[in-house]
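Summary of structural features
Given next are the chains, with one letter for each unit.
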Amino acid sequence: MSDKPTSEDFLRLADPMRRELLAHCYRMMGSVHDAEDLVQETYLRAWRAYDGFEGRSSLRTWLYRIATTTCLTALESRGRRPLPTGLGAPSTEATAPLVQDTEMPWLEPVPDALAGAGAGADDPAAIVTSRESIRLALIAALQHLPPRQRAVLILRDVLRWKAVEVAEAVGVSTAAVNSILQRARAQLNEVSPSMDDPVEPLSEEQRAQLDRYVAAFESYDIDSLVDMFTKDAIWEMPPFVGWYQGPETIVELIKVQCPAKRAGDLKLVPIAANGQPAFAMYHLEDDVYKQFSIMVPTFSEGRIRHVGMFFEEKLFETFELPSTLEASPTK
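Overview of the structure. Since this is a predicted model, take the numbers as computed values, not measurements. (Residues numbered from 1 in each chain as written. Predicted model: local features only at pLDDT ≥ 70, side-chain atom pairs only at ≥ 80, totals over all residues. Heavy atoms only, no water.)

Describing the pattern of salt bridges
Side chains that differ in sign of charge can pair as their charged atoms come close. The cut-off we apply is this: Each reported salt bridge corresponds to a side-chain nitrogen of Lys or Arg within 4 Å of a carboxyl oxygen of Asp or Glu. Under the scheme used here, helices are H or I runs from DSSP no shorter than 4 residues and strands are E runs no shorter than 2 residues, and both carry numbers assigned from the N terminus. Three exposure classes are used, based on accessible area relative to the maximum for each residue type with a 1.4 Å probe and protein chains only: buried under 20%, partly exposed in between, and exposed over 50%.
Here the structure, examined in full by the defined rule, presents 10 salt bridges. Notably, a salt bridge pairs Asp 9 with Arg 12, separated by 3.3 Å at the nearest N-O pair. The residue Arg 45 makes a salt bridge to Glu 41 at a minimum N-O spacing of 3.0 Å. With Arg 45 and Glu 41 both in helix α3 (residues 32-49) and 4 residues apart, this pair spans about one turn of that helix. With a relative accessible area of 31%, Arg 45 lands in the partly exposed category. Looking at Glu 41, the relative accessible area reads 29%, which means it is partly exposed. Residues participating in the shared-partner salt-bridge network are Asp 34, Arg 78, Arg 81 and Glu 108.

Below is the structure:
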């Protein structure tokens, strides 16, 4: 009698890998919503084919192979998901009218809780759900790569697969994998830090800086933000196509374009996205704080060098956040 697991065992064995597969699909797609759909498709395909699974590779490797193929198929009919800086246009003046592009499929942040960021070193999924491998700058950079280059680089440099395993997963020769990987690394190095750059936990200084950052918004002390950004800091906020560079420009943008005008108009709730601290921002309207945006700041040493503001309404639901918060009574 065969000891091979049957299809009834499939979900029990495969379900613990769901979060790491979502992280993999997110790296490929740049969208947490697309990733969730493609993980479901992966599990459906795998369940249907499970009777033919011969165990020549691990179940994890087999599932990743299916997930990669599923993502590559989906990308045949979908464009990349950029941030505004990825569109190739120069930076924007703070006082210029805001221009939206709601048809563009923009890059989305991912909740740490969904992607399993920060899994312990004793977790076999840790390498593929680490903070480094889903940080926002890396996901944005991956969108510059053609789909097959993106897949090869992720499989080799994130999952640490052997070239022969990658070749089988993407349907090319081993020699082609090495060539594709070389081109992908070269292109990635032009637009992103190394995939091996560590993402360290925040220092006490950075945590204090974040506290001051939150206080500046909530007390509407916007001018104090100038000293919290690096000189070349970038602020971008899809679906608006403009992006803004430099502390003075960013502060002017907030003053001119943000609907908040006084202390108490904004409330920031700490969350975690892409392996880094983030905030859900709410705006006070009619005595109720209403969802406004998801803010993902990135540090460089002791200052903030990049802020992504994401206005997609569905993201609050994705992060399991309420759409409104009760405002404290005015004393």
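A few points about helix α9 (residues 163-170)
Heads up, the condition is: The directions from the helix axis to the C-beta atoms are what the arc is built from. Every residue pair with non-hydrogen atoms within 4.5 Å of one another is taken to be in contact.
Taken together, the buried positions of α9 are occupied by Ala 163, Val 166, Ala 167, Ala 169 and Val 170. Buried positions in α9, seen along its axis, are confined to an arc of 165° and lie on one side of it. Pointing more than 90 degrees away from the buried face of α9 are the exposed residues Val 164 and Glu 168. Buried residues along α9 sit in contact with α4 (59-75), α8 (147-158) and α10 (174-191). Just beyond α9, the residue with positive phi is Gly 171, at close to 75°.

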